[in-house]
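Here is what each chain is made of, one letter per residue.
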2 protein chains.
Amino acid sequence: MQNLSQNLSHNIEKYILTLLEEEQQENFISLRRKELAEMFECVPSQINYVLRSRFTPEQGYLIESRRGEHGYIKIFRVTYGSPDELSEHVTNLIGGEISLYEAHRLLEVLQDRELITGRERLLIEIALRYIAPDEGQSARSRELSEMLKTMLGGLMTDDND
Amino acid sequence: MQNLSQNLSHNIEKYILTLLEEEQQENFISLRRKELAEMFECVPSQINYVLRSRFTPEQGYLIESRRGEHGYIKIFRVTYGSPDELSEHVTNLIGGEISLYEAHRLLEVLQDRELITGRERLLIEIALRYIAPDEGQSARSRELSEMLKTMLGGLMTDDND
DNA sequence: TTATCATTGATTATTGCTGACCTATAAAAT
DNA sequence: ATTTTATAGGTCAGCAATAATCAATGATAA
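Definitions and limits used
- Residues numbered from 1 in each chain as written.
- Chains lettered and ligands numbered in written order.
- Predicted model: local features only at pLDDT ≥ 70, side-chain atom pairs only at ≥ 80, totals over all residues.
- Heavy atoms only, no water.
- Domains from an automatic or database assignment.
- Contact = heavy atoms within 4.5 Å.
- Buried area = accessible area lost by both parts, 1.4 Å probe.
- Salt bridge = Lys/Arg side-chain N within 4 Å of Asp/Glu carboxyl O.
- Polar contact = N/O pair within 3.5 Å; in protein donor to acceptor, adjacent residues only side chain to side chain.
- Helix = DSSP H or I, 4+ residues; strand = E, 2+ residues; numbered from the N terminus.
- Nonpolar A, V, L, I, M, F, W, Y, C, P; charged D, E, K, R; others polar.
- Buried < 20%, exposed > 50% of the residue type's maximum accessible area, 1.4 Å probe, protein only.
- Phe/Tyr/Trp six-rings, centres within 6.5 Å; stacked < 30°, edge-to-face > 60°.
- Lys NZ or Arg CZ within 6 Å of the ring centre and 35° of its normal.

Let's shift gears to the domain arrangement of chain A. Residue and element names in this part refer to chain A. Here chain A is described as being made up of domain 1 (8-77) and domain 2 (83-157). Relative placement of domain 1 and domain 2: their C-alpha centres are 28 Å apart. Between domain 1 and domain 2, the contact holds 4 residues from the first and 4 residues from the second. Interface area lost by domain 1 to domain 2 is led by Pro 57, Glu 58 and Gln 59, which between them contribute 89%.

Tallying the contact residues gives 33 residues for chain B and 30 residues for chain A. If you look at where chain B meets chain A, you find 5 salt bridges. Here Arg 119 of chain B and Glu 120 of chain A are joined by a salt bridge, their closest N and O atoms 2.8 Å apart. Applying the counting criterion to the chain B and chain A interface returns 14 residue pairs in polar contact (both at pLDDT 80 or more). Contributing elements (two or more residues each) for the side of chain B that touches chain A: strand S2 (61-66), helix H6 (118-131) and helix H7 (142-155) of chain B. At 10 residues, the largest contribution of residues to the side of chain B that touches chain A is made by H6 of chain B. Per-class residue counts for the side of chain B that touches chain A are 17 nonpolar, 8 polar and 8 charged.

Here we come to the pattern of salt bridges. Side chains that differ in charge, positive against negative, can pair when their charged atoms come close. Within this structure, the stated rule accounts for 14 salt bridges over all chains. Glu 108 of chain B is the salt-bridge partner of Arg 105 of chain B, the closest N and O atoms lying 3.8 Å from each other. Placement of both Arg 105 of chain B and Glu 108 of chain B in helix H5 (residues 100-112) is noted, with a separation of 3 residues, approximately one turn of the helix. You can call Arg 105 of chain B partly exposed: its relative accessible area is 42%. Three or more residues are tied together by salt bridges with common partners; here these are Arg 121 and Glu 125 of chain A together with Glu 64 of chain B.

So, on to the packing of aromatic side chains. The final tally for this structure, using the stated rule, is 6 aromatic pairs over all chains. Plain terms: the ring middles of Phe 28 of chain A and Phe 76 of chain A are 4.9 Å apart, the flat faces sit at 35° to each other, and that makes the pair tilted. With Phe 28 of chain A in strand S1 (residues 28-31) and Phe 76 of chain A in strand S3 (residues 72-77), this pair connects stretches of sequence that are 48 residues apart. A relative accessible area of 18% means that Phe 28 of chain A is categorised as buried. The positively charged end of Lys 74 of chain A is found above the aromatic ring belonging to Tyr 72 of chain A, 5.0 Å away from the centroid. In this arrangement the basic side chain of Arg 121 of chain A is found over the ring face of Phe 76 of chain B, its NZ or CZ atom lying 5.9 Å from the centre.

Below, the structure written as structure tokens:
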């Protein structure tokens, strides 16, 4: 089982997402690193790479693990009790300063989770470009952060539309 | 071997637009920069130039990419062609300068006619406030006009030729 | 002529993947 | 109760394969 469609990491990610979706009772799944690695015919540390790059708090996941006999890796899908909670989470993610590039990546995640539409993302990206500093995509700016927080906070808190 | 018809950038643009039109399932296409460059017998960074100059959010497109093995560039077409008349009409309404107040009234109308959603309107209003002049709601500004036209144009982009 | 657009290629940054080495845990042995 | 051993998972540095950026240059249009 390898490289069927995309790349290894992508396939492992998809598999984990499937498990999470199938899970009914809990808001987490439990894995054994070694087994997963065998399943995908790869080195165990590959699993860590996938978790580190695709199941981060920014993307809405938490990891808990244990070593030794009966070791495991648990992946929690973070859920938000209220719009305010979600909005606060996003506000924290944005922080005091953000770059165009970081904002772009955040918007990707939000659209993937269907928290914003493509059209909304387009509008936000245009606005960001209008007020972004000239120093390039990676330059952090306080103003970017403030506008982005206002926009996303408004979308998630409000009940427009 | 070039300048067969127009210039390289133009040809690459056309090719990408063709791919986007042919795409049925999704609202995006996925490219490999290196392959496209080989296809057009040019340097890879040429592709970036085409994307930067012709597939911007202002023109109704969003780009996502990844480096490394199995790298890719995805181009999303966010909007679908809408009547030219409409976007032209709106552009004329906005004119060379507009005040926050006038913009607000225009957005109300557009929402009433369901050309934009409440959420989209919220985003535009926030963006306008961030670049509005200090002189108050009634002060006309060229920059307000430009951003507003860009945003609404982005949402109502048509296939140019 | 001058300003903008197009093209190139050198350099830098990111992503995916592996393997060697490190740490933690539980069960077994003492 | 303590030590040992087997069995997990974690970290990190390094390589290879991409894509992005940037500055220099050429071409074209106003």
